[in-house]
Amino acid sequence: MYDETETEQEDSQAQREQALEPVEQDSILFHGEQIVAVRLGDGRICVVLRWICESLNLQPGGQVRKIERTSATAKELVRVRVQTRGGRQSMPAITLRGFSPWMLSINPNEIKADTPAEEERIRVLVIAYQEEAKDVLYEHFVRQRPALPAPGGAVIPAEPMQPQEPEAAATDAEQAAYYENLAMWALWKAAQHAQRWRGGIEDWRGEIESRLEGQEAVSGLLPEILERLGPEKITSEHQQLVQYYVGKLHEATGKHQGTIHAELKTAFKVPRYQEILEDDWPKVEHWFRVQIERAKDKPRR
């Protein structure tokens, strides 16, 4: 709802009857000013001239005539039904396609106002309209609609209506509007797929990070685990060699194998020969060699 209570003076009954009925109307805050815009049934987005002109201290009637005289904007001028506090009124509006050339026709360096501060305000606002407004309006009406959930928690704007291709006899204005809306729809589709792709990448990244965190946690526990396990004991292969050397020493000395095991455990201070440290294996082999050599030098009884 807006403060406007009087119909444009140039409106005639015929003009009101020809005004287009928008499917959506909204007011967008832009650099402290309100841009009143509508979306038509064919997908075109139009900016109502009245509030733009008021923000720039311009006469709407004069701007309508200027737009009509300019070939780049003449076909982009429409009349739309706008909801105001005084009811629905027919007002001139310009499509996004014509908005930029209309704004670019205003030289910000030729702005005249009552005070230097007001001139600077209008100059800055004109530049903002020229450089930013079209994108802001497109984002508002196309990309900032109610969102739908997407894989990975991404957010995808609700799909805009895909424009229908006009008939072969369509006017240049209708063809231009179609391709402009088609481009907007294609951009939406591209953004949709890009967001889904990014959502998948984020899921993959989160999974990898979780795995890395798990590995880091295990790595942090390794010193404690190793400490609890203690030094490495002799391998199964070396345990078999112990049995082999015990047999050889038994043959050389005639000692019972249990006695040899007991002497080995005593020599290395372990309760079982399997508890001998792997680092001590060279000493174990040396012990057996010494025992066997002594037995060879000593005559058996």
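Throughout this document, residue positions are counted from 1 along each chain, in the order its sequence is written. Where totals are concerned, whole chains, interfaces and linings use all residues; where local detail is concerned, this predicted model gives features only for residues with pLDDT of at least 70, and gives and counts side-chain atom pairs only at 80 or more. Calculation of side-chain values draws on the structure's entire complement of heavy atoms; hydrogens and water are dropped beforehand.

How should I be thinking about the overall build of the protein in this particular structure?
In this description a helix means any DSSP run of H or I spanning at least four residues, a strand means any run of E spanning at least two, and both kinds are numbered starting from the N terminus. Secondary structure assignment for the protein yields ten helices and seven strands. For the exposure calls, accessible area comes from a 1.4 Å probe over protein chains only, and a residue counts as buried if that area is under 20% of its type's maximum, exposed if over 50%, partly exposed in between. Out of the 301 residues in the protein, the part that is buried amounts to 36%. In the protein, of all internal contacts separated by at least 6 residues, the share reaching a separation of at least 24 is 61%. Note on definitions: a residue-residue contact is assigned when non-hydrogen atoms from the two residues lie within 4.5 Å.

What is the right way to read the pairing of strand β4 (residues 77-84) from this model?
Strand residues, when the strand is regular, have side chains that alternate between the two faces of the sheet. For β4, the buried fraction is high: seven of the eight residues fall into the buried class. Of the pairings in the sheet, the one linking β4 to strand β5 (residues 87-95) comprises eight bridges and is antiparallel in character. What sits directly across from Arg-79, in β5, is Pro-92. A loop of two residues connects β4 with β5, the two strands running antiparallel in sequence. A pair of strands counts as paired when DSSP detects no fewer than two bridges linking them.

When you look at the sheet that holds strand β2 (residues 33-39) in this model, what are you seeing that I'm missing?
Remark on secondary structure: sheet strands pair via backbone hydrogen bonds, oriented parallel or antiparallel. If you trace the five strands from one edge of the open sheet to the other, you get β1-β2-β3-β5-β4, paired in antiparallel fashion. Unpaired on one side and paired on the other, β1 (24-30) and β4 mark the two borders of the sheet. Going across the sheet, the axis of each strand differs from the next one's by a mean of 40°, ignoring polarity. Where β1 and β2 come together, seven bridges link them in antiparallel fashion. Following the sheet pairing, Glu-24 is matched in β2 by Arg-39. Between N-to-C directions, angles span 0 to 180 degrees; the directions come from axes that are lines fitted to C-alpha atoms, helices contributing only their stretch in contact. Seen against the sheet, helix α5 (residues 96-104) touches β3 (45-48) and β5 and runs at an angle of roughly 70° to β5.

Help me out: how do you make sense of the confidence of the model for the protein in this one?
It should be kept in mind that the predicted coordinates are not to be read in detail where pLDDT is low. Confidence scores per residue from the predictor, reported as pLDDT, run from 0 to 100. Mean pLDDT over the protein: 79, with 78% of residues reaching 70 or higher. Of the regions scoring below 50 in pLDDT, residues 1-17 engages in 41 contacts with residues more than four places distant in sequence or in other chains. Low confidence marks residues 146-158, where pLDDT is under 50. Its contacts with residues over four positions away, or in another chain, come to 34 contacts.

Is there a simple way to explain the nonpolar core in this structure?
Here is a general trend for soluble globular proteins: nonpolar side chains tend to be buried in one another's company. If you look at the biggest cluster of nonpolar residues, it comprises 30 residues, and the most contacted ones within it are Ile-52, Leu-56, Phe-99, Trp-102 and Tyr-129. Elements represented by at least two residues in this core include exactly β1, β2, β3, α2 (49-55), α3 (60-69), α5 and α6 (116-143). The element that contributes the greatest number of residues to this core is α6, accounting for ten residues. Contact partners of Phe-99, with chain neighbours within four places excluded, come to Val-47, Ile-52, Ile-94, Tyr-129 and Ala-133. Residue types Ala, Val, Leu, Ile, Met, Phe, Trp, Tyr and Cys, when buried and joined through side-chain atoms within 4.5 Å, form a set referred to as a nonpolar core. Counting residues in each nonpolar core, the second largest holds 16 residues, with Ile-234, Tyr-245, Tyr-273 and Ile-292 among its members.

Is there a simple way to think about unusual backbone geometry in this case?
Apart from glycine, the bulk of residues carry a negative phi angle, and the bulk of peptide bonds sit in the trans form. Not every positive phi belongs to a glycine, and His-31 is a case in point at roughly 50°. Locating His-31 in the fold gives a position in the loop between β1 and β2. Since its relative accessible area comes to 47%, His-31 is described here as partly exposed. Although it is not a glycine, Asn-57 adopts a positive phi angle of roughly 60°. You can see Asn-57 is positioned in the loop between α2 and α3.

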